[in-house]
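Notes for the structure review
These are the residues of each chain, in order.
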Amino acid sequence: MAVMDAEPATTGPAGLIARLRGKLTGGSSEASLTRRLAGTIFIIRVISAGLAYFSQVLLARWMGTSDYGIYVYVWTWVLLLGSMMDFGISASAQKIIPEYRASGDHALLRGFLSGSRWLTFAVSALVSLALAGIVKLFSPWIDPAEELPLYIGCMTLPAFVVANTQDGIARSHDWMQLGLMPQFIIRQALIIGITACAFLLGYHLGAIAAMVASAGAVWIAMTGQMVVLNRRLAEHIAPGPKAYDISGWLAVSLPILLVESFYLLLSYTDVLVLQQFRPSDEVGVYFAVVKTLALVSFIHYAMSATTAHRFAEYNASGDKARLSAYVAHAIVWTFWPSLAATIVLLALGKPLLWLFGPQFVVGYDIMFVAAVGLVVRAAIGPVERLLNMLGQQKICALAYALAFVMNVVLCIALVPRFGGHGAAAATSISLTFETVLLFWIVRQRLGLHVLAFGK
């Protein structure tokens, strides 16, 4: 497949409309499917962001400053640890499953579909028990109001990790709604519903009650997702013997975990360093800027989640022309929508920041600095997933590690003097360095051109 799309050769207003319609719905069936799935993921993430914002506003109002602070502290630990405790299997599933299908290793495929979930559940349960022991050990130095919420957070982790694993399995079968909605929509809606019922019934909604509601929401959403996923897998995978290659799974997954971990650290470095050197109100303004620009990152995430398993599938089948064309398509549909979203957000930046409060408008010019890194990063599309899916996880992790180190050094150098502007500049420079490095790696290792323009 030399090209993914063909444009109608029409002119005039009708021709422009036809070309736009062709871009959005036409082209090859795979290109059209990719756009639809990426659009679905993007919509889910936007709705999830809205629900998350709404739930945080409600919880803050219902709980009060102190209890809300404890809840946010504990829930942040759940999010950070839960994202790393699956060993990267949620991401590597999009490489392993297509490869098993392509090679006809049905026993290994059946083993992975069940064994990966049992593995992540067992390990996360053991780690959660160890974390609960650490909380008990340090309880004399922990705020008594935080102790029980931390225990509840430990109880939440196994379900959170299994849900992440099931997300990766579902996305490998193009079941994007099944993969993402339980975590991003249903879980948020359950948290709002459970806490709202408790509040209306007159219960004291403190940090403990909020964590119980959140833990219940995670377990309910994960269990429902598991039931539906098992039914769908039974319809698509014939029953038979199972084989397990745990060491092989981990050999693929652990380098991907490094990539994901360094990316997570890269995402949080600017805020964490800013918090160390600048007053809290400046941190709040910067955080509002980052949240406002998050819409651009959603586009990158949507295309990454949609395309990763197809990179692995085409590579496993040896169809290099098809892989190259699909990579080019993914990059184009990452960069141009990201650029358009950035322009819109910058144009509406002041009123969007005003929604946080009139004092947040002072961060408007920071948006321009922070946007540079996001646009540059979008210019090469989801190439980190391409590298991970094609066996280049270690060099990709090294690239992310170097970008993370650069970001830390630049933040420490620039934030004390320039504040939020320095944090934004440090992150944009680091993202630009990461982009150039990934572009060079793909060019050298895979021989592919991964820029949205040029050849």
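So, here is what we can say about the structure in this document. These figures come from a predicted structure and were not determined experimentally.

1. Quick look at the overall build of the chain
Looking only at helices and strands, the chain features 17 helices and 0 strands. For the chain, with 455 residues in total, the buried portion stands at 49%. Sequence separation of 24 or more characterises 80% of the internal contacts of the chain that already satisfy a separation of 6 or more. Carbon together with sulfur atoms contributes 70% to the accessible area of the chain, which is approximately 20,500 Å² in total.

2. Topic: a nonpolar patch on the surface
Taken together, the side chains of Ile134, Leu137, Phe138 and Trp141 make up a nonpolar region of the molecular surface, amounting to roughly 500 Å² of accessible area. Along the chain, the position of Phe138 falls in the loop between helix 5 (106-137) and helix 6 (144-171).

3. Quick word on the nonpolar core
In this structure, Phe112, Phe311, Val327, Leu386, Leu438 and Val450 are the most contacted members of the largest nonpolar core, which totals 54 residues. Ranked by residue count, the leading element in this core is helix 12 (residues 320-347), at 7 residues. With sequence-adjacent residues up to four places away left out, Val450 is seen in contact with Val327, Ile331, Ala379, Ile380, Val383, Leu386, Phe439 and Val442. By size, the runner-up hydrophobic cluster in this structure holds 30 residues, among which are Leu293, Ala371, Ala426 and Leu431.

4. Here's the deal with the side chain of Ser430
Position of Ser430 relative to the elements: it lies in helix 17 (residues 420-445). Ignoring any residue separated from it by four or fewer positions in sequence, one finds Ser430 in contact with Leu266, Ala403, Met406, Asn407 and Leu410.

5. Observations regarding the pattern of salt bridges
One pass over the structure, following the stated rule, counts 3 salt bridges. Residue Lys95 pairs with Glu99 through a salt bridge whose shortest N-O separation is 2.7 Å. Of this pair, Lys95 and Glu99 are both found in helix 4 (residues 89-103), 4 residues apart, which corresponds to roughly one turn of the helix.

6. Here we look at helix 17
The end-to-end C-alpha separation of helix 17 is 37 Å, in line with the 38 Å expected for 26 residues at 1.5 Å each. Two residues or fewer after helix 17 comes Gly447, characterised by a positive phi angle close to 70°.

7. Quick look at the packing of helix 6 against helix 8 (residues 207-236)
Interhelical geometry of helix 6 versus helix 8 gives an angle of 25° and a closest axis separation of 9 Å. Considered as vectors, helix 6 and helix 8 are oriented roughly parallel to each other. Crossing hand, helix 6 versus helix 8: left-handed. In the contact of helix 6 with helix 8, the residues fall into 22 nonpolar, 4 polar and 1 charged.

8. Structural notes on the packing of helix 16 (residues 393-418) against helix 17
Put simply, helix 16 and helix 17 touch, their axes get as near as 8 Å, and they point 160° apart. Here helix 16 lies roughly antiparallel to helix 17, going by the angle between them. Relative to helix 17, helix 16 is oriented so that their crossing is right-handed. Considering only residue class, the contact of helix 16 with helix 17 consists of 20 nonpolar, 6 polar and 2 charged.

9. Re unusual backbone geometry
Positioned with a positive phi, Phe87 is a non-glycine residue whose angle comes to about 65°. A relative accessible area of 23% means that Phe87 is categorised as partly exposed.

10. Quick word on helix 4
Taking 1.5 Å of rise per residue, the 15 residues of helix 4 would be expected to cover 21 Å, and the 20 Å separating its terminal C-alpha atoms lies within 8% of that figure. Taken as a whole, helix 4 carries its principal kink of about 25° at Lys95; the proline Pro98 stands between one and four residues after it. When helix 4 is considered as a whole, its buried residues turn out to be Ile89, Ser90, Ala91, Ser92, Ala93, Gln94, Lys95, Ile96, Ile97, Pro98 and Tyr100. Positive phi shows up at Gly104, right after helix 4, with a value of about 75°.

Calculation notes
- Residues numbered from 1 in each chain as written.
- Predicted model: local features only at pLDDT ≥ 70, side-chain atom pairs only at ≥ 80, totals over all residues.
- Heavy atoms only, no water.
- Helix = DSSP H or I, 4+ residues; strand = E, 2+ residues; numbered from the N terminus.
- Buried < 20%, exposed > 50% of the residue type's maximum accessible area, 1.4 Å probe, protein only.
- Contact = heavy atoms within 4.5 Å.
- Areas by Shrake-Rupley, 256 points an atom, 1.4 Å probe, with all protein chains shown as cover.
- Patch = residues over 30% accessible without salt bridge, like charges linked within 9 Å, V, L, I, M, F, W, Y side chains within 5 Å.
- Salt bridge = Lys/Arg side-chain N within 4 Å of Asp/Glu carboxyl O.
- Core = buried A, V, L, I, M, F, W, Y, C linked by side-chain atoms within 4.5 Å.
- Expected span 1.5 Å × (residues − 1).
- Axes fitted to C-alpha atoms, helices over the stretch in contact; angles between N-to-C directions.
- Parallel < 35°, antiparallel > 145°, perpendicular 65-115°, else oblique.
- Left-handed = near helix turned anticlockwise from the far one by under 90°.
- Nonpolar A, V, L, I, M, F, W, Y, C, P; charged D, E, K, R; others polar.
- Bend = angle between axes of the 7 residues up to and from the residue.

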